[in-house]
Amino acid sequence: MTGLRVTLTLMCALLAVACNDVREQEYHDQFLAFGTLVEITLYGVDPDHAGRVTAEIEQQFQRWHRDWHAWEPGLLTEVNARLATLQPFTLDPALLPLITEANRLSKLSSGLFNPVLGRLISLWGFQGNPLPAGTQPDPAAIGKWLANAPTVDDVEIEDTRVSCHNPEVAYDLGGFAKGYAIDRVIDLLRARGIDNAIVNAGGDLRAIGMHGERPWHVGIRHPRKNGIMASIDSSGDTSIFTSGDYERLFEANGKRFHHILDPRTGYPAVGSRAVTVVHEQGAIADAAATALFVAGPAEWTAIARQMGTDRVMLVDSGGTIHMTPAMRAIIELAPDIDAEVRVSGNPPLETAIHRP
Ligand code: AMP
Ligand code: MG
């Protein structure tokens, strides 16, 4: 009897150790998708379950990559071909929520986040790999695009019927698809019972829950130096997205041309080096980072208000750091940052967007 009790006690102790191990375990997986490294980190999840779920996520990413790519033949290139005919057609249900959300965010950004500027992107060659070396587009071609500049108002969607009134419309969701995809991955993780995780696609991420007893610690890259310029701790549900002029660029005639285009001029946006947006939803943070980069130091506060984003940091082309009070409250600048910091543009809380 005593022997049995000792054995049972020992088994319980061993089980407790095993449980503690799982609770304290970090599970990591990574793969390439959307032309970037996607990293999934889960905390306190049984490794077999974690392996199955991350494999499912990778499959999803590969499918989204095929379905949402603006240039590799797939669902979105078919949509772009149909839009160009100006004949009404039925949108594939797999694309409907993505396109509807992109259109909604574009309107909120006064068109600075413009997901239908695919033809302008291809004029610049930013869709290609490698990037064009030493050539910039003919100004006349940019002028022609501007004369008929497409906006999401050119696209009408009723149920699944789409009609388009401007042949220049072509979707390129490069400024937003990562955020939208990461949101769907977080939905999937939660549906599989996982509440402590970080999903990071090339430095843009959403973190949920905690890393055990401590928050997730996230670094934000310096736009001009190797290393980080700031960090943020997340212990709830936080997306952190950055748009920077250092991500994709080429040189022509001694000038640098980067990949975030100002739909008002047809040229790469001027005035910003990097914009970081923190928001609960990745799709909003992603679209807003792109829009506020285009808005630049003169207009970012107004557009941030319109988009319901109250945690924003913008590094302008002179190196000055602008941020909202709400961002100032959560961000820690690296000790070697000696740039001027200006805190402004506190969007009134009532403008925050509450989605159903
Ligand atoms: P991000 O790093 O999220 O700012 O996305 C940059 C990508 O978005 C570019 O490579 C283009 O594919 C696309 N893009 C460039 N300019 C814009 C813009 N003004 N609005 C929407 N998407 C854009
Ligand atoms: Mg973006």
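All values derive from a computational prediction rather than experimental measurement.

Caption draft 1: Region of the structure containing the coordination of the magnesium ion (ligand 2). The protein atoms that coordinate the magnesium ion (ligand 2) are G175 (O), D286 (O), D286 (OD) and T290 (OG1), at distances of 2.0 to 2.4 Å. All donors of the magnesium ion (ligand 2) belong to a single chain; written as a sequence motif, their spacing is G-x110-D-x3-T. On the criterion of sequence distance, the pair formed by G175 in the loop between β5 (161–164) and α7 (177–191) and D286 in helix α8 (residues 282–307) is long-range, its members being 111 residues apart.

Caption draft 2: Representation of the environment of G174. As for its placement among the helices and strands, G174 is situated in the loop between β5 and α7. Judged by its relative accessible area of 61%, G174 falls in the exposed class.

Caption draft 3: Broad picture of the nonpolar core. Membership of the largest hydrophobic core comes to 71 residues, with the highest contact counts inside it found for I57, F61, L95, Y171, F176 and L189. Broken down by element, the residue count for this core peaks at 15 residues, all from α8. If you look at the next biggest cluster of nonpolar residues, it comprises 21 residues, including Y43, A230, V278 and V315.

Caption draft 4: Spotlight on helix α3 (residues 75–85). Within the span of α3, buried status applies to L75, L76, T77, V79, N80 and L83. Looking at the buried side of α3, the elements it contacts are α2 (47–68), β3 (89–90), α4 (96–108) and β5. The first or second residue beyond α3 is L86, which carries a positive phi of 65°.

Caption draft 5: Local environment of the layout of surface pockets. The calculated volume of the largest pocket comes to roughly 1400 Å³. Lining the largest pocket are 47 residues, and of these F34, G174, K178, R248 and H259 sit closest to its centre. Secondary-structure elements contributing two or more residues to the lining of the largest pocket are α2, α7, β8 (216–221), β10 (237–244) and α8. With 4 residues, the single largest contributor to the lining of the largest pocket is β8. Here the residues of the lining of the largest pocket sort into 21 nonpolar, 18 polar and 8 charged.

Caption draft 6: Spatial organisation of the pairing of strand β1 (residues 26–33). The pairing of β1 with strand β2 (residues 36–43) spans 8 bridges and is antiparallel. Each residue of the ladder has a partner; that of L32, found in β2, is L37. Hairpin connection of β1 to β2: 2 residues between the antiparallel strands, including F34 at a positive phi of 55°.

Caption draft 7: Just the site of ligand 1, in detail. The immediate surroundings of ligand 1 are formed by 17 residues, with N114, D172, S243, L261 and T290 found nearest. Residue T290 places a side-chain N or O atom 2.7 Å away from an oxygen atom belonging to ligand 1. Against a free-state accessible area of 500 Å², the protein chains account for coverage of 93% of ligand 1. Cavity membership is defined here by more than half of the atoms lying within 2 Å of grid points; on that basis ligand 1 lies in the largest pocket. Per-class residue counts for the shell around ligand 1 are 8 nonpolar, 6 polar and 3 charged.

The rules behind each value
Residues numbered from 1 in each chain as written. Chains lettered and ligands numbered in written order. Predicted model: local features only at pLDDT ≥ 70, side-chain atom pairs only at ≥ 80, totals over all residues. Heavy atoms only, no water. Donors = N, O, S within 2.8 Å, 3.2 Å for Na, K, Ca; no water. Helix = DSSP H or I, 4+ residues; strand = E, 2+ residues; numbered from the N terminus. Buried < 20%, exposed > 50% of the residue type's maximum accessible area, 1.4 Å probe, protein only. Core = buried A, V, L, I, M, F, W, Y, C linked by side-chain atoms within 4.5 Å. Contact = heavy atoms within 4.5 Å. 1 Å grid on protein atoms, 1.4 Å probe; cavity = no way out; pocket = protein on both sides within 12 Å on 5 of 7 lines; lining within 4 Å. Points joined across faces, edges and corners; volume = space filled by probe spheres on them. Nonpolar A, V, L, I, M, F, W, Y, C, P; charged D, E, K, R; others polar. Pairing = 2+ DSSP bridges. Near = heavy atom within 4 Å. Polar contact = N/O pair within 3.5 Å; in protein donor to acceptor, adjacent residues only side chain to side chain. Areas by Shrake-Rupley, 256 points an atom, 1.4 Å probe, with all protein chains shown as cover. Sits in = over half its atoms within 2 Å of the grid points.

Keep in mind these numbers describe shape, not what the thing actually does.
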